Amino acid sequence: MTDVSTGVLHTLFHSDQGGHEQVVLCQDRKSGLKAVIAIHSTALGPALGGTRFYPYANEEEAVADALNLARGMSYKNAMAGLDHGGGKAVIIGDPDRDKTEELLLAYGRFVASLGGRYVTACDVGTYVADMDVVARECRWTTGRSPENGGAGDSSVLTAFGVYQGMRASAQHLWGDPSLRGRTVGIAGVGKVGHHLVEHLLDEGAEVVITDVRQEAVRRIADKHPGVRAVADTDALIRVEGLDVYAPCALGGALNDASVPVLTAEVVCGAANNQLAHPGVEKDLADRGILYAPDYVVNAGGVIQVADELHGFDFERCKAKAAKIFDTTLAIFARAKDDGIPPAAAADRIAEQRMHEAATAGGH
């Protein structure tokens, strides 16, 4: 008999990572679709979160990722002031090999079958063009192309929000929101990172970059010869005189190996799930490093896709994303008052908003 105490259902019903309202397993044999849709909370409104297309090692890993990501979206949407709960979907497979129009249409039908409880968008492995296909079967689809009534690439406002988080961090730590003359290290200059580089250069910051893809580094270097590139993230976090470290690639960047050698005084980046495990936020605080919680500062993208449901208006979205500055400052103030790390303060504020909505009878 298998050990159920470590299984998916145990995670769902009994662990701290659980508490989800609904998890849907989707299969379409004809197209080869295998997907998991996780709805963590609808207390604030329909669950909103992207669709990740990834070659997971096994089904358990895929379900665990969907559960984690959906829970994270509840907190992100609450802190962004959106009338949305948290959800996430994962499609199991290699997007380069397994993604077909037939599969995306089948996936769209599954999302549509939830009747608006879950609204989907892009994530790792899915793009605007994919959402256009999904939308043919499902009206609860955002992140579509402008030609199809969508907002297009959400990385523009994601980067803008992270930049606002950096400005708030500078205000809190140095008494001035300006990043002029500050040295900022960016790990990952892809979809979001390259926009962040532009914001920082416009303000007169010194920028140091790294990326596992050489073409991404080359693109920045060709356009901005003054930007310095280093070999890898390990080199970046050790750069002398680094003021701000911005992890903008995959999660888990802040861990037992990186935190002790980090030279920056501020961590503020676009990557999701930057804290490798519970306790890392305390390690940062003990070293006097100010951490701007990832799901707060990277919420510009979800602000953008949520707005698409109401007829997209870029200026309205940008004004909402600009408020990430005030939200980040409020988190730092709460952290100081409560004597806890900023990550814990952000969680408390988000949980309070969800709890108040749930006790008031939801949306």
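The preceding data block contains the structure.
Caption draft 1: Broad picture of the nonpolar core. Counting residues in each nonpolar core, the largest one holds 68 residues, and the members touching the most others are Tyr-107, Met-166, Ile-186, Leu-196 and Leu-200. Per element, the largest residue contribution to this core is seven residues, and it comes from helix α6 (residues 155–174). When near neighbours in sequence (up to four residues on either side) are disregarded, Leu-196 contacts Ala-159, Val-162, Tyr-163, Met-166, Ile-186, Ala-246 and Cys-248. Listed in part, the 19 residues of the second largest apolar core include Ile-237, Ala-264, Leu-284 and Ala-343.

Caption draft 2: Geometry of the pattern of salt bridges. This structure, assessed with the given rule, holds 20 salt bridges. Across the pair Arg-97 and Asp-98 runs a salt bridge whose closest N-O atoms are separated by 3.3 Å. In this structure, Arg-334 engages Asp-338 in a salt bridge whose closest nitrogen and oxygen atoms are separated by 2.7 Å. You can see Arg-334 and its partner Asp-338 sitting in helix α14 (residues 324–338), four residues apart, about one turn around the helix. Arg-334 sits in the partly exposed class, given a relative accessible area of 25%. By sharing partners, the salt bridges in this structure join Arg-52, Asp-65, Lys-88 and Asp-123 into a single network.

Caption draft 3: Summary view of the packing of α6 against helix α13 (residues 314–322). Look at α6 against α13: their axes get within 9 Å of each other, and the N-to-C directions meet at 30°. On the basis of their axis angle, the class for α6 and α13 is roughly parallel. Seen along the crossing, α6 lies across α13 with a hand that is right-handed. Where α6 approaches α13, its residues Val-156, Leu-157, Phe-160, Gly-161 and Gln-164 are matched on the opposing element by Phe-314, Cys-317, Lys-318, Ala-321 and Ala-322. Tallied by class, the residues present in the contact of α6 with α13 amount to seven nonpolar, two polar and one charged.

Caption draft 4: Focus on the state of the cysteines. Here the structure, examined in full by the defined rule, presents zero disulfides. In this structure Cys-26 is not part of a disulfide, and its nearest cysteine sulfur, from Cys-138, lies 11 Å away. The class for Cys-26 is buried, based on a relative accessible area of 4%. This cysteine, Cys-317, is not joined by any disulfide, and Cys-122 carries the nearest cysteine sulfur, 15 Å off. For Cys-317, a relative accessible area of 0% corresponds to the buried category.

Caption draft 5: Local environment of the sheet that holds strand β7 (residues 206–210). In space, the six strands of this open sheet follow the order β8-β7-β6-β9-β10-β11, with parallel pairing throughout. The sheet is open, and its two edges are formed by β8 (228–229) and β11 (290–291), each paired on a single side. When β7 meets β8, the two strands line up parallel, connected through two bridges. Residue pairing across strands places Val-208 opposite Arg-228, the latter belonging to β8.

Basis of the calculations
For every chain, the first residue of its written sequence is number 1, and the numbers climb from 1 along that sequence. Local features in this predicted model are restricted to residues whose pLDDT is 70 or higher, and side-chain atom pairs enter the listing and the counts only when it is 80 or higher, whereas totals over whole chains, interfaces and linings include all residues. The side-chain figures draw on all heavy atoms in the structure; neither hydrogens nor water molecules are used. Here, nonpolar core means buried Ala, Val, Leu, Ile, Met, Phe, Trp, Tyr and Cys residues that are tied together by side-chain atoms lying within 4.5 Å of each other. To sort residues, take the accessible area from a 1.4 Å probe on protein chains only and compare it with the maximum for the residue type: under 20% means buried, over 50% means exposed, and anything in between is partly exposed. To qualify as a helix, a DSSP run of H or I must reach at least 4 residues; to qualify as a strand, a run of E must reach at least 2; elements of each kind are numbered from the N terminus. We call two residues in contact whenever any of their non-hydrogen atoms come within 4.5 Å of each other. Each reported salt bridge corresponds to a side-chain nitrogen of Lys or Arg within 4 Å of a carboxyl oxygen of Asp or Glu. In this analysis an axis means a line fitted to C-alpha atoms, helices contributing only their contacting stretch, and an angle means the value between N-to-C directions, from 0 to 180 degrees. Throughout this description, any angle smaller than 35 degrees is read as roughly parallel, any larger than 145 degrees as roughly antiparallel, any in the 65 to 115 degree range as roughly perpendicular, and the remainder as oblique. Left-handed describes a crossing whose near helix is turned anticlockwise from the far helix through less than a right angle; right-handed describes the clockwise counterpart. All residues other than Ala, Val, Leu, Ile, Met, Phe, Trp, Tyr, Cys, Pro, Asp, Glu, Lys and Arg, Gly among them, are scored as polar; the first ten of these are nonpolar and the last four charged. Two cysteine sulfurs form what is called a disulfide whenever their separation falls within 2.5 Å. Each pair of strands is called paired provided DSSP finds at least two bridges between the two strands.

The analysis is restricted to geometry; functional conclusions fall outside its scope.
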